[in-house]
Amino acid sequence: MCGIVGYVGDRKVAEVLTKGLSSLEYRGYDSSGVALLADGQTKVYKAEGKLQNLKDLLATKEDEIKTANVGIGHIRWATHGVPNETNAHPHTSNSGKLAIVHNGIIENFKELREELEKRGSIFKSQTDTEVIAHLIAQEYKKINNLQEAVRVATAQLEGAYALCIIHQDVPNTIIATRRNAPLLIGLGEGENFAASDVPAIIEYTKKAVYLDDNQLAVLTPNSVKIFDKDNNPVAVKPEMLPWEPIALSKMGYKHFMLKEINEQPDVMRNFLSGKLYSADEPIKLEEVKLDKAKLKDLNRIQVVACGTSLHAAMVGKYVIEELCEIPVDVEASSEYIYRKTVTDEHTLVIGVSQSGETADTLTAVKQSKARGSHILIITNRPDSAMAREADSLVPVNAGIEVSVAATKSYVAQLMAFYALAIHLAEIKESADKEYLKEIKNELLLLPQKIELLLTKTDKIQKCSRMYSSSKNFIFIARGINYATALEGALKLKEISYINATGYPAGELKHGPIAMLDETLPVLSIMMTGKVYEKILSNAQESKARNARMIALTDSTDEKLDDLFDFVLNVPHVHEMVSPIMAIVPLQLLAYYIAEFLGKDVDQPRNLAKSVTVE
Ligand code: M6R
């Protein structure tokens with residue numbers, strides 16, 4: 001994981017780098033650092049903890065760095081070595097002249113380190129990255145050409161890397177290269193940039209080149225040259241970045257998470273636009289390249305995803321099986337990739353990922369592609385590595401999501417699954433037309449209903465305050481909302497650190513009920529429909545064990561007030577689309593509890609937004 005950035009040009013280098021790093025904090029935030037070429041010397045500054053610590057440090061060094069015109073920066077999510085100043089990047093060679101920043105993991109670092117130590121390298125950190133610095137430095141000593149030294153050194157690396165490298169003997173230059181980790185080059189006038197992701201450079205340029213695996217770029221203020229792994233020049237083909245800097249502002253909200261929760265109705269409308277205007281029309285999903293014959297040829301669907309995306313996939317399974325008569329398996333990508341799965345050309349494999357960079361899901365998708373499956377990717381990043389593997393690419397268009405806790409991307413992924421299931425059912429003619437019409441109509445009405453919910457959050461806030469001192473929390477649901485229970489619990493634990501678990505309500509009596517007492521809140525997700533009465537009975541079982549009772553429901557039954565201590569009402573919706581409605585109050589509950597407890601809502605401890613390591 002981690003984020004890297006590089007700049008060569010006339011602006012205040014430290015400022016460009018720290019601004020860039022701040023927009024990459026979703027990739028990690030446990031330490032950070034920069035290296036600058038100033039007054040003919042490589043100068044390195046690092047700080048443990050939040051990026052602000054590095055900014056404060058740099059503010060005291062203005063005199064030392066004012067002549068810098070080249071620099072590289074890093075924000076870290078620790079993999080090898082604890083998060084401290086020594087392990088923070090940039091890492092340097094023995095002489096300190098060469099500095100590098102790295103995103104990725106070097107798998108053969110131990111062997112390389114032993115070799116390098118024998119040849120005189122002196123290591124300061126416990127990181128895998130430091131071997132790259134020493135390896136390039138040793139090659140440079142032999143051939144006295146930095147570009148070639150980087151090429152020869154990276155050919156010896158196993159694993160994933162995106163790298164920016166500077167050397168005080170090679171002024172005005174950054175070398176950037178990548179394999180299995182993202183890196184783009186931003187093109188400016190008299191200045192150039194390198195970064196792990198678009199937000200780091202979008203303030204300065206909208207013109208960029210995405211480096212391919214094993215390509216190497218040489219950046220100076222007035223030129224960018226790109227080479228393949230054999231050192232042949234590659235044509236620089238810039239593309240325009242579609243991003244707006246405004247997307248990175250909190251727009252008056254206290255946290256990005258709250259802003260992103262409130263954006264959900266627009267995200268849903270945005271997703272539907274161009275696809276569904278009227279329930280009487282078939283849904284248009286031209287991105288899906290599966291015709292009737294291909295669908296007939298499919299005997300199963302496998303969905304691979306992690307975290308919140310996995311929960312969206314669980315809802316997707318329910319909807320596709322309900323409407324399309326195709327069996328669907330959903331599996332955590334990290335499990336899928338280390339076992340023998342029955343996957344072939346008759347399998348449709350769906351990869352779901354907000355970032356499109358999650359390493360486990362990317363590997364799962366690549367493995368299935370190699371077995372001949374049609375790959376359908378649902379992602380918020382149509383420019384990501386995963387998107388590039390797609391035979392069918394369904395972008396969810398939620399806009400940039402900054403908060404580590406996924407909210408609007410989840411709702412957008414759910415929309416994508418509904419659209420996909422309806423689309424496949426319409427091609428296969430596998431569902432009743434009136435039933436499909438009902439669901440389409442509900443999807444069209446949902447944004448307005450959620451808007452209504454978002455204007456009345458007083459009761460959710462009150463509930464959050466009441467239960468914020470709980471050490472544990474249980475969410476129960478059945479049927480299509482079982483995934484909602486898991487997602488509600490995940491939101492709460494990741495931002496408030498309360499131990500929260502989601503269970504299928506019918507499973508409570510098979511073990512978890514033993515934990516219930518008067519201290520434990522049990523939140524029952526009771527959306528009206530097939531399993532409403534069943535879950536009501538399960539809630540009663542909890543009441544009989546003196547649990548603290550909370551209901552989330554679209555029912556207007558007043559008797560619920562007798563059973564529950566707290567009833568969170570939401571507008572009534574069709575059961576099939578109820579996961580979209582039900583998750584919103586749970587996102588808010590998690591948000592207000594974490595906020596009330598004074599937690600770091602947008603950047604919870606130990607996490608990163610984009611998990612690019614297996
Ligand atoms: O980018 P992805 O959707 O592939 O990310 C998967 C998970 O890492 C992600 O959903 C994570 O669980 C979030 N922090 C949940 O809020």
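This text goes with the structure placed above it.
Residues numbered from 1 in each chain as written. Predicted model: local features only at pLDDT ≥ 70, side-chain atom pairs only at ≥ 80, totals over all residues. Heavy atoms only, no water.

**Student:** For this particular structure, what's the right way to read the overall build of the protein chain?
**Tutor:** Counting secondary structure elements, the protein chain contains 19 helices and 25 strands. Taking 25 Å as the expected radius of gyration for a compact globule of 614 residues, we find that the protein chain reaches 26 Å, a close match to that expectation. Summarising its shape, the C-alpha atoms of the protein chain cover approximately 80 × 55 × 45 Å along the three principal directions. When burial is assessed residue by residue, the protein chain has 60% of its 614 residues classed as buried. Expressed as a percentage of contacts within the protein chain between residues at least 6 apart in sequence, the contacts between residues at least 24 apart total 73%. For the protein chain, the exposed surface amounts to about 23,900 Å²; the carbon and sulfur share of it is 49%. A gap of 2 Å separates the mean positions of the 70 positive and 81 negative side-chain charges of the protein chain. (Helix = DSSP H or I, 4+ residues; strand = E, 2+ residues; numbered from the N terminus. Rg over C-alpha atoms; globule rule 2.2 N^0.38 Å. Buried < 20%, exposed > 50% of the residue type's maximum accessible area, 1.4 Å probe, protein only. Contact = heavy atoms within 4.5 Å. Areas by Shrake-Rupley, 256 points an atom, 1.4 Å probe, with all protein chains shown as cover. Lys, Arg positive; Asp, Glu negative; His and termini not counted. Charge placed at Lys NZ, Arg CZ, Asp CG, Glu CD.)

**Student:** Teacher, can you tell me more about the packing of aromatic side chains here?
**Tutor:** How two aromatic rings sit relative to each other is set out by the distance from centre to centre and by the angle between their planes. Considering all chains together, one arrives at six aromatic pairs under this definition. A ring pair is formed by Y467 and F473, whose centres lie 6.3 Å apart and whose planes are at 70 degrees; its orientation type is edge-to-face. For Y467, a relative accessible area of 1% puts it in the buried group. Cluster of aromatic residues (ring-pair linked, three or more members): Y467, F473, F475 and F566. Here K275 stacks its cationic end above the ring of F271, 4.2 Å away from the centre of that ring. The ring of Y497 is capped by R605, whose NZ or CZ atom sits 3.9 Å from the centre of that ring. (Phe/Tyr/Trp six-rings, centres within 6.5 Å; stacked < 30°, edge-to-face > 60°. Lys NZ or Arg CZ within 6 Å of the ring centre and 35° of its normal.)

**Student:** How should unusual backbone geometry be read in this particular structure?
**Tutor:** Across the chain, the bulk of peptide bonds are trans and the bulk of non-glycine residues have phi less than zero. Note that the residue after H89, namely P90, is joined by a cis bond; omega there is 0 degrees. By the element assignment, P90 lies in the loop between β4 (70–76) and β5 (91–92). One non-glycine residue, Y497, adopts positive backbone phi at about 65 degrees. Inspection of the secondary structure assignment puts Y497 in the loop between α16 (482–496) and β22 (499–504). Positioned with a positive phi, N546 is a non-glycine residue whose angle comes to about 65 degrees.

**Student:** What's the story with the site of the ligand in this structure? I'm lost.
**Tutor:** Within the structure, the ligand sits among 14 residues, and S309, S353, S355, T358 and E494 are positioned closest to it. One of the side-chain N or O atoms of S309 is found 2.6 Å from an oxygen atom in the ligand. Contacts to the ligand include V404, whose backbone N or O atom sits 3.1 Å from a nitrogen atom. Relative to its unbound accessible area of 410 Å², the ligand is 91% covered by the protein chains. At the level of elements, α10 (307–324) and α16 are the ones that each hand at least two residues to the shell around the ligand. The element that contributes the greatest number of residues to the shell around the ligand is α10, accounting for three residues. Tallied by class, residues from the shell around the ligand come to five nonpolar, seven polar and two charged. (Near = heavy atom within 4 Å. Polar contact = N/O pair within 3.5 Å; in protein donor to acceptor, adjacent residues only side chain to side chain. Nonpolar A, V, L, I, M, F, W, Y, C, P; charged D, E, K, R; others polar.)

**Student:** Would you take a moment to explain a negative patch on the surface for this structure?
**Tutor:** Side chains of E107, E111, E114, E158 and E614 sit close together on the surface and give a patch of like negative charge. The topology assignment puts E111 in helix α4 (residues 109–118). (Patch = residues over 30% accessible without salt bridge, like charges linked within 9 Å, V, L, I, M, F, W, Y side chains within 5 Å. Salt bridge = Lys/Arg side-chain N within 4 Å of Asp/Glu carboxyl O.)

**Student:** Just checking my understanding: could you explain the nonpolar core for this structure?
**Tutor:** Counting residues in each nonpolar core, the largest one holds 119 residues, and the members touching the most others are L323, I350, F473 and I580. Top contributing element to this core by residue count: helix α13 (residues 408–428), with 15 residues. Residues within four places of L323 in sequence aside, it is in contact with A421, I422, A425, S430, A431, Y435, L436 and I439. (Core = buried A, V, L, I, M, F, W, Y, C linked by side-chain atoms within 4.5 Å.)

**Student:** Any chance you could explain the sheet that holds strand β25 (residues 566–569) here in plain terms?
**Tutor:** Backbone hydrogen bonds are what pair the strands of a sheet, in a parallel or an antiparallel way. Strand order across the open sheet formed by five strands is β22-β21-β23-β24-β25, with parallel pairing between neighbours. Either end of the sheet is taken by a strand with one partner, and the two such strands are β22 and β25. Ignoring which end each strand starts from, the neighbouring axes of this sheet average 20 degrees apart. Sheet topology note: the strand β21 (residues 472–477)/β22 ladder contains six bridges and is parallel. When the bridges of β22 are listed, I476 appears paired with Y503. (Pairing = 2+ DSSP bridges. Axes fitted to C-alpha atoms, helices over the stretch in contact; angles between N-to-C directions.)

**Student:** What should I look at first to understand empty space enclosed by the protein in this one?
**Tutor:** In this approach a probe as big as a water molecule rolls over the atoms, and the regions it shows empty are the leftover space. Evaluation of the coordinates by the stated rule reveals three cavities of 30 Å³ or more. Quantified by volume, the largest cavity comes out at close to 250 Å³. Considering the residues around the largest cavity, the lining is formed by 25 residues, among which Y26, D197, S355, E357 and R381 are closest to the centre. For the lining of the largest cavity, the per-class residue count stands at nine nonpolar, seven polar and nine charged. Volume-wise, the second largest cavity comes out at about 80 Å³. (1 Å grid on protein atoms, 1.4 Å probe; cavity = no way out; pocket = protein on both sides within 12 Å on 5 of 7 lines; lining within 4 Å. Points joined across faces, edges and corners; volume = space filled by probe spheres on them.)

**Student:** I'm lost on the pattern of salt bridges in this one. Help?
**Tutor:** A side chain of one charge can pair with a side chain of the opposite charge if their charged atoms are brought near each other. Following the criterion strictly, the structure yields 33 salt bridges and no others. Across the pair E117 and R113 runs a salt bridge, and its minimum N-O distance is 3.4 Å. Placement of both E117 and R113 in helix α4 is noted, with a separation of four residues, approximately one turn of the helix. E322 is paired through a salt bridge with K530; the nearest N and O atoms lie 3.8 Å apart. Placement of the pair is E322 in helix α10 and K530 in the loop between β23 (521–526) and α17 (532–544), with a sequence separation of 208 residues.

**Student:** Just checking my understanding: could you explain the sheet that holds strand β15 (residues 239–240) for this structure?
**Tutor:** Pairing is antiparallel in the open sheet, where eight strands are placed in the order β3-β2-β4-β1-β10-β9-β11-β15. At either end of the open sheet lies a strand with only one pairing partner, and these are β3 (41–48) and β15. Of the strand pairs in this sheet, strand β9 (residues 184–187) and strand β10 (residues 192–195) are connected by four bridges, and their pairing is antiparallel. Residue pairing in the sheet places G186 in a bridge with F193 of β10. Most of the contacts of helix α1 (residues 13–23) go to β4, to which it runs at about 25 degrees, and overall it touches β1 (3–8), β2 (31–38), β4 and β10.

**Student:** How should the pairing of β9 be read in this particular structure?
**Tutor:** Remember that side chains alternate between the two faces of the sheet whenever the strand is regular. Here β9 shows no split at all, with L184 and G186 on one side and I185 and L187 on the other all buried. Taking the residues that link successive antiparallel strands as the turn, the β9-β10 hairpin has four residues, and the phi of G190 there is positive, at about 70 degrees.

**Student:** I would appreciate a short explanation of the pairing of strand β6 (residues 98–103) in the present structure.
**Tutor:** In terms of burial, β6 is largely enclosed, as six of its six residues are buried. Of the two faces of β6, both are covered, the one formed by L98, I100 and H102 as well as the one formed by A99, V101 and N103. Both β5 and β6 contribute to a ladder of two bridges, which runs antiparallel. Among the inter-strand pairings, H91 is bridged to a residue of β6, identified as I100. Between β5 and β6, which pair antiparallel and follow one another directly, the connecting turn spans five residues, one of which, G96, has a positive phi of 80 degrees. Sheet analysis places β6 next to strand β7 (residues 161–167), joined by six bridges and oriented antiparallel.

**Student:** Hey, could you run me through helix α15 (residues 458–467) in this one?
**Tutor:** Side chains of residues three or four places apart in an α-helix project in the same direction, reflecting 3.6 residues per turn. Taken as a whole, α15 has its buried residues at I460, C463, S464 and Y467. Looking down the long axis of α15, one finds its buried residues gathered within 100 degrees of arc, a one-sided arrangement. Where α15 is buried, its residues meet β21, β23, β24 (548–553), β25 and α19 (578–596). (Arc of directions from axis to C-beta.)

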